[in-house]
Amino acid sequence: MRIAVLDDDNNLLELVCTILNAAGHTCHPFLSGKDMLHQLRRESYDMLILDWQVPDLNGTEILHWVREKLSPTLPVLFMTSRSGEDDIVAGLAAGADDYMIKPIRRSELVARVQALLRRAYPTQTASEHLQFGIYKFETRAGRVSVNDQPVEMTQKEFDLALLLFRNLGRPLSRAYILEAVWSRDVDIPSRTMDTHISRVRSKLELRPENGYRLAPVYSYGYRLEQVTAE
């Protein structure tokens, strides 16, 4: 999962990212609230971890923007040095899903992050069989079928299709797709992703009459939408 973390304490930021990376996630650190907000307008993240007190733009202001502009199910964990009940209530009332009181403890951070991710993305679990209407995915075997008819796909095409279905209705930035499907191979030509998108759309027949539409999001990325068959 891609997790964006905001804290003006660089040492704490490095610690949190070290913990998250060790747990199998990709951490995107931000020392500035304005920098984070700028990236939130351009990129997709699976979760946010916010320090409540950042000089230029605090966690409260960012959280208000996130709840107004982004998915209401995007999990947000806030960190605070203040253990007063009023501060915690204010954070939760602003739209945060959970909180942690500094100093950060490794096991607690991992447990809280995993719990929020499981709740926000139930289809991301290790289930071997996932079904979306006429589309059936066998995740361990890397197979997909449409109306019980197997579809031949490369591994990258399968990974891309599964990513899109697991994030149904959610706009995914090009950088997010690149990181999720091609991992660290970030030097692939831009056309490679577009070609794979086109192949997935064609092979899976992602058309409104089949209940789904795979559409570009201008200057951002792609979104797979569930639609009513005409």
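Relevant structure appears above.
These notes cover the structure that comes with them. (Residues numbered from 1 in each chain as written. Predicted model: local features only at pLDDT ≥ 70, side-chain atom pairs only at ≥ 80, totals over all residues. Heavy atoms only, no water.)

**Quick notes on the pairing of strand β1 (residues 2-6)**
Then, in step 1: Burial runs high along β1: 5 of the 5 residues are buried.
Then, in step 2: As defined by bridge partners, β1 adjoins strand β2 (residues 26-30) across 5 bridges and the pair is classed as parallel. Across the sheet, I3 pairs through a bridge with C27, a residue of β2.
Then, in step 3: Chirality of the crossover, the property in question, places the unit of β1, helix α1 (residues 10-22) and β2 among those that are right-handed.
Then, in step 4: When β1 meets strand β3 (residues 47-51), the two strands line up parallel, connected through 4 bridges. Bridge pairing in β3 places L6 opposite L50. (Buried < 20%, exposed > 50% of the residue type's maximum accessible area, 1.4 Å probe, protein only. Helix = DSSP H or I, 4+ residues; strand = E, 2+ residues; numbered from the N terminus. Pairing = 2+ DSSP bridges. Right-handed = clockwise from strand over helix to strand, strands pointing away.)

**Thoughts on the layout of surface pockets**
Then, in step 1: Put simply, the largest pocket is a space of about 520 Å³.
Then, in step 2: Every residue lining the largest pocket is counted, 25 residues in all, and those nearest its centre are Y45, L70, S71, R170 and P171.
Then, in step 3: The set of elements that each furnish at least two residues to the lining of the largest pocket consists of α3 (59-69) and α6 (155-166).
Then, in step 4: Of the residues contributing to the lining of the largest pocket, the split by class is 13 nonpolar, 6 polar and 6 charged. (1 Å grid on protein atoms, 1.4 Å probe; cavity = no way out; pocket = protein on both sides within 12 Å on 5 of 7 lines; lining within 4 Å. Points joined across faces, edges and corners; volume = space filled by probe spheres on them. Nonpolar A, V, L, I, M, F, W, Y, C, P; charged D, E, K, R; others polar.)

**Remarks on the state of the cysteines**
Then, in step 1: All chains considered together, the criterion is met by 1 disulfide.
Then, in step 2: The disulfide partner of C17 is C27, and the gap between their sulfur atoms is 2.0 Å. On the S-S bond that ties C17 to C27, the torsion sits near -45°, and the link is left-handed. Note that C17 is positioned in helix α1 and C27 in strand β2, a separation of 10 residues in sequence. (Disulfide = S-S within 2.5 Å.)

**Some remarks on the sheet that holds β3**
Then, in step 1: The parallel open sheet is built from 5 strands, whose spatial order is β2-β1-β3-β4-β5. Looking at strand neighbours, the two that pair on one side only are β2 and β5 (98-101), the edges of this open sheet. Between one strand and the next, the sheet's axes are offset by a mean angle of 20°, whatever the strand orientation.
Then, in step 2: Pairing of β3 with strand β4 (residues 76-80) involves 4 bridges; the strand directions are parallel. Counted as the bridge partner of I49 is L77 from β4.
Then, in step 3: Docked against the sheet, helix α2 (residues 33-40) engages β1, β2 and β3, running at close to 155° with respect to β1.
Then, in step 4: Relative to the sheet, α3 contacts β1, β3 and β4, its axis offset from that of β3 by approximately 155°. (Axes fitted to C-alpha atoms, helices over the stretch in contact; angles between N-to-C directions. Contact = heavy atoms within 4.5 Å.)

**Looking at the pattern of salt bridges**
Then, in step 1: Taken as a whole and judged by the stated rule, the model has 20 salt bridges.
Then, in step 2: Between R170 and D46 there is a salt bridge, and its shortest N-O distance comes to 2.8 Å. Remark: D46 occurs in the loop between α2 and β3 and R170 occurs in the loop between α6 and β10 (172-173); sequence separation between them is 124 residues.
Then, in step 3: A salt bridge links R174 to D194, with the shortest nitrogen-to-oxygen separation between them at 3.0 Å. With R174 in helix α7 (residues 174-182) and D194 in helix α8 (residues 190-203), this residue pair connects regions lying 20 residues apart in the sequence.
Then, in step 4: Here R174 falls in the partly exposed class, since its relative accessible area comes to 27%.
Then, in step 5: Through salt bridges with shared partners, a single ionic network connects D98, R105, E108 and R112. (Salt bridge = Lys/Arg side-chain N within 4 Å of Asp/Glu carboxyl O.)

**Concerning the sheet that holds strand β12 (residues 221-226)**
Each strand in a sheet pairs with another by means of backbone hydrogen bonds, the pair being arranged parallel or else antiparallel.
Then, in step 1: Strands sit in the order β10-β12-β11 across an open sheet of 3 strands; the sheet is antiparallel. With partners counted over all chains shown, the strands left at the sheet margins are β10 and β11 (212-217), one partner each.
Then, in step 2: Note that β10 and β12 share 2 bridges and pair antiparallel. Residue pairing for β12: L172 is matched across the bridge by Y222.

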